[in-house]
Amino acid sequence: MAATAVERPLGDDKVRTLKISGNVGFDSLPEQLVSKATQNGYTFNVLCIGETGMGKSTLMDTLFNTSFESTAAPHSLPSVKLKSHTYELQESNVRLKLTICDTVGYGDQINKEDSFTAIVDYIDRQFDDFLQEELKVKRSLSTYHDSRIHACLYFICPTGHGLKSIDLVCMKKLDSKVNIIPIIAKADTISKAELSKFKAKIIQEVKANGIQIYQFPTDDDTMVKVNSEMNTQIPFAVVGSTDFVRVGNKMVRARQYPWGTVQVENEAHCDFTKLREMLIRTNMEDMREVTHSRHYELYRKKVLEQMGFMDVGEDNQPISFQQTFEQKRVEHREALQRKEDEMRQTFVLRVKEKETELKEVEKQLYTKYDQLKRDHAEEKKRYEDRKKVLDEEKAEFQKRRTQISQQHLSSHHTLTLGKKQKK
């Protein structure tokens, strides 16, 4: 094989281009990538946001031509909850791990102010789980189950009067975190003329509120025409059904009404086939790539900046992750030392305050003890004086008693002598 080098200018640099005059073999690289990707399988995660009863589960069954497990949700839940299920699907020799996440109780609360909070937290939690796996010393991203949301189907109620406040607030909170594809649910409940006006109203309100919805890529020459046309069809007006109805000589997915039949896969009836083509067959890999390269990178950048990691230092020079880590460790140790010093000073101050308080209490106790001692001495002196008086009184009483006894004996003796003399 022979090759010639050609230099062509590119800005200020000159890039050497090799013109190959024979077969080398690296044209088989795409086949190798396809084979490896097919062997490993693919992951695709869909988030369905919409009010209860909007037909989210039915549309998922229709999209993937299967029957996923689902239970009817009540309208009495106190808060929004997210319920996800993962399924293993296989079509031909391609395996797909599909995760469907449903918002249960969305829009059913009287106070809808925080309805989006649970959804935002769920999406951030999936980003954080992937980031934690990336930051591990021993990573296993090849076998890690990527649960990041790749597509968000936002179900809009077919009122014909534009978006609700909860729709605008929720989509604005999510447009930087996930690929939002707005769809009009149960489009068979609104006429074609009203549907056209409704779509225009939705796009007008989305642009007026600065909401960034997912745009199908137009950088590929082979898909630029189709995707450009499909971007003008958003939001898609869809109808889902798990029932089959005979139309002519074949069975088709449809919804049977007394006034007629709505065929799900008939583009004259709804945009279901357009949604399926754009979501699954044409742009699935682009949504996976946008999720990783835009939404996840934005989250990762925000988290690492909050942790203090930067690409350049204060002198605008590149700084490595290791340097930033060492700097953060030094700062952390200094902060711990300052905290320890503050705690030690606080402890010493509190000990001194406690000692002063205890000394004051001790002083009060000694004062009280002295007072009690004096009171006890005075009381004892009073008792002793009282005892002395009582002893004196007792002695006087005994003396008088003795005298009276002697007088009584003397009188008795005299009387006895007088009686004897008379005899």
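Residues numbered from 1 in each chain as written. Predicted model: local features only at pLDDT ≥ 70, side-chain atom pairs only at ≥ 80, totals over all residues. Heavy atoms only, no water.

A. Fine view of helix α6 (residues 224-231). All of the buried residues along α6 are Asn227, Met230 and Asn231. Considered in projection along α6, the buried side chains sweep an arc of 105° and stay on one side of the axis. In this structure, the buried residues of α6 make contact with β8 (236-237) and α7 (272-282). (Buried < 20%, exposed > 50% of the residue type's maximum accessible area, 1.4 Å probe, protein only. Helix = DSSP H or I, 4+ residues; strand = E, 2+ residues; numbered from the N terminus. Arc of directions from axis to C-beta. Contact = heavy atoms within 4.5 Å.)

B. Just unusual backbone geometry, in detail. Here the amide bond leading from Ile234 into Pro235 is cis, since omega sits at 0°, within 30 degrees of zero. Along the chain, the position of Pro235 falls in the loop between α6 and β8. Not every positive phi belongs to a glycine, and Ser92 is a case in point at roughly 60°. Relative to the elements of secondary structure, Ser92 occurs in the loop between β4 (81-91) and β5 (94-104). Accessibility expressed as a relative area gives 69% for Ser92, which makes it exposed. At Lys186, a position not held by glycine, the phi torsion is positive, near 50°. The class of Lys186 is partly exposed, set by a relative accessible area of 38%.

C. Representation of the sheet that holds β5. Taken in spatial order, the 6 strands line up as β4-β5-β3-β6-β7-β8 in an open sheet, and their pairing is mixed. With one partner strand each, in any of the chains shown, β4 and β8 form the two edges of the open sheet. Note: strand β3 (residues 42-49) against strand β6 (residues 151-156), 4 bridges, orientation parallel. Looking at β6, one finds that Val46 is bridged to Ala151. Running at roughly 170° to β6, helix α4 (residues 165-174) makes contact with β3, β6 and β7 (180-184) of the sheet. (Pairing = 2+ DSSP bridges. Axes fitted to C-alpha atoms, helices over the stretch in contact; angles between N-to-C directions.)

D. Spotlight on a nonpolar patch on the surface. A surface patch of nonpolar side chains, amounting to about 290 Å² of accessible area, comprises Ile20, Val24 and Phe26. Among the structural elements, Ile20 can be located in strand β2 (residues 13-20). (Patch = residues over 30% accessible without salt bridge, like charges linked within 9 Å, V, L, I, M, F, W, Y side chains within 5 Å. Areas by Shrake-Rupley, 256 points an atom, 1.4 Å probe, with all protein chains shown as cover. Salt bridge = Lys/Arg side-chain N within 4 Å of Asp/Glu carboxyl O.)

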